[in-house]
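Each chain is listed here by its residues.
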Amino acid sequence: MSNLNIIKKNILVITDSYFPKNNSGAIMLGDFIKFSKLIFNFIIITFNPDIKEKYSVKILDDQIIIYLKVWKNNNYLTRFLSESLYSYKIINFFKHNSFINLDYIVTYSPSIFFGKSINYLKKIYSCKNYLIQRDIFPDWAFKQGLIKSNIIYKYLKKIEKNNYNSADHIGVESTGGYEYFIKNGFNNVEILNNWIANNKTIQETHKKIKYKTKYIYAGNLGIAQDFYSLLTNINFAELQKNNIQIIICGGGKQISQITNFIKELPKDTIKYIGELNREDYLKELYDCDAGIVSLSIKTYMSNYPFKFIDYIRNDIPIIAHINKNNELKKFIEINQIGLCSDDSSYDEFNKNLILMTKKNITYDFKKNCKKTFEKYFSIERAFKVIESKLK
């Protein structure tokens, strides 16, 4: 990346997760683009319901960001309608705006509605597409019971297949995802782990003031995580007895259930601090002794939550409660980065909350967190995988 004579390629990134959003996709792509901009020029197509015109263009760190206007995602219906127009809006933009040549397209998806526009752009610019696929929709939503109609499910499966067929290369985050694509006839698939830049944003001079053992749950508080079910099975009397406090940070579909449940509980055992910006979240994370990971027992596909990677990047051991067949369970155990219980036993999770207070146990976990992050989830590793295809 230090070759100053290199001719930069123009990469179009299509995503519904980008700045000013603060979710995992936006952070990952932002880090990747910052890391790669010495050899690539990036044009980002994303979506924003708050702009007044049909589209808006912004220059950020020498990269071009094009925001296309969409509807607000107030519920599942408006989200479906909004996403179903993604390809139309992308095609319409390129039809009415002259553009520089594109050498490659990178699509970041959980959305399945990019396929038609990708095929259109590939034909115009004679380029290929790398699809970063982060979950398997609509299958997970059907398994969770969010999609109840077989007709709607079959329609979405056709859209999903079109999206995958538009890709020349597909990067998935888990072995389970890889096997799903192979089983469905896609041989252009590879493992592309989630990633994050290893920038220490918190000064080493920041001193921890420790009155309690603090655990944090950070991230989405939705149906796929089902943190509410886990929360209602925690033994808070034992937390208080062992001077443990759980901090909850994030938002999602279960937020009202969670906040109502903890109203009657002592704040010295559990506290909800809302959704934080990245800087404030990292400061909060720095004071924590372990990070909690929760995945619903109905979780269809194995995945590696972004906040899980955030935890181990900051040398914070894991306390996980996930479905027993999820490959993340074995990953945590093999790499010795924390304690893991499965959906068959809330008692084991409660025991792990107490066990993690023992310094002789957490010392090795902390050391292993750093090694595991660098081996599997560094941005350098992700760059090598993607860059090898951008030729």
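Above this text sits the structure in question.
These numbers come from a predicted model, not from an experiment.

Draft legend 1. Quick look at the environment of Y211. In this structure, Y211 sits in the loop between β8 (189-191) and β9 (213-218). Linking Y211 and N243, residues 32 residues apart in sequence, is a C-alpha distance of 8.3 Å.

Draft legend 2. The arrangement of the pattern of salt bridges in detail. Scanning the entire structure with this criterion turns up 12 salt bridges. The closest approach of N and O atoms between E83 and R79, which form a salt bridge, is 2.8 Å. Here E83 pairs with R79, and both are found in helix α2 (residues 76-84), just 4 residues apart, close to one helical turn. On the basis of relative accessibility, which here comes to 40%, the residue R79 falls in the partly exposed class. Here D139 makes a salt bridge to K157, at a shortest N to O gap of 2.9 Å. Here K157 lies in helix α6 (residues 150-165) and D139 lies in helix α5 (residues 139-144), a separation of 18 residues in the sequence. Among the residues examined, D139 registers a relative accessible area of 7% and is labelled buried. Take K157: its relative accessible area is 23%, and that puts it in the partly exposed class.

Draft legend 3. Structural view of unusual backbone geometry. With an omega dihedral of 10°, the bond running from F19 to P20 counts as a cis peptide bond. Cis geometry marks the peptide bond from F137 to P138; its omega dihedral reads 15°. Here P138 lies in the loop between β6 (128-133) and α5. Its identity as a non-glycine residue notwithstanding, D61 has a phi of 50°, on the positive side. Within the element layout of this structure, D61 appears in the loop between β3 (55-60) and β4 (63-69). Since its relative accessible area comes to 41%, D61 is described here as partly exposed. Unusually for a residue other than glycine, Q336 sits at a positive phi of about 50°. Among the secondary structure elements, Q336 is positioned in the loop between α13 (327-335) and β14 (338-342). On the basis of relative accessible area, Q336 is assigned to the partly exposed category, the value being 48%.

Draft legend 4. Spatial organisation of the pairing of strand β10 (residues 244-249). Burial runs high along β10: 6 of the 6 residues are buried. Going residue by residue along β10, you find I244, I246 and I248 tucked away on one face and Q245, I247 and C249 tucked away on the opposite face as well. Examined bridge by bridge, β9 and β10 share 6 bridges and lie parallel to one another. Across the sheet, the residue bridging to Y217 is I248, located in β10. Considered for its hand, the β-α-β crossover made up of β10, helix α10 (residues 255-262) and strand β11 (residues 270-272) is right-handed.

Draft legend 5. Geometry of the packing of helix α3 (residues 86-95) against helix α4 (residues 115-125). Closest axis-to-axis distance for the α3/α4 pair is 7 Å, and the angle between their directions is 25°. Judged on the interaxial angle alone, α4 and α3 are roughly parallel. Our pair here, α3 against α4, has a crossing hand that is left-handed. Where α3 abuts α4, its residues S87, I90, I91, F94 and K95 lie against G115, K116, S117, Y120, L121 and Y125.

Draft legend 6. The arrangement of the sheet that holds strand β2 (residues 40-48) in detail. Reading across from one edge, β3-β4-β2-β1-β5-β6-β7-β8 is the order of the 8 strands in this open sheet, with mixed pairing throughout. Edge strands, defined here as strands with exactly one partner in the open sheet, are β3 and β8. With direction set aside, neighbouring strand axes in the sheet form an average angle of 20°. Pairing of strand β7 (residues 169-172) with β8, which is carried by 3 bridges, proceeds in the parallel orientation. Looking across to β8, one finds that I170 is bridged to V189. Sheet strands touched by helix α1 (residues 24-36): β1 (9-14), β2, β4 and β5 (104-109). Its angle to β2, the strand with the most contacts, is close to 160°.

Calculation criteria
Along each chain, the written sequence defines residue order, and numbers are assigned to residues from 1. In view of the model being predicted, local features appear only for residues whose pLDDT reaches at least 70, and side-chain atom pairs are presented and counted only at 80 or more, with totals across whole chains, interfaces and linings using the full set of residues. Side-chain calculation: all heavy atoms of the structure are included, whereas hydrogens and water are not. The helix count covers DSSP runs of H or I at least four residues long, the strand count covers runs of E at least two residues long, and both are numbered beginning at the N terminus. Here, a salt bridge means any side-chain nitrogen of Lys or Arg that lies within 4 Å of a carboxyl oxygen of Asp or Glu. Note on exposure labels: buried denotes an accessible area under 20% of the residue type's maximum, exposed denotes more than 50%, and partly exposed covers the range between, all computed with a 1.4 Å probe on protein chains only. DSSP-based pairing: two strands are paired if at least 2 bridges between them are found. Crossover handedness is defined by viewing with both strands directed away from the observer: a clockwise path from the first strand over the helix to the second marks the crossover as right-handed. Convention adopted: a line fitted to C-alpha atoms gives each axis, helices being fitted over their contacting stretch, and angles between N-to-C directions are expressed from 0 to 180 degrees. Orientation labels follow simple angle bins: below 35 degrees gives roughly parallel, above 145 gives roughly antiparallel, 65 to 115 gives roughly perpendicular, and whatever is left gives oblique. Whether a crossing is left-handed or right-handed is set by the direction in which the near helix is turned from the far one by less than a right angle, anticlockwise for left-handed and clockwise for right-handed. Contact between two residues is taken to exist if any of their heavy atoms lie within 4.5 Å; hydrogens are not considered.

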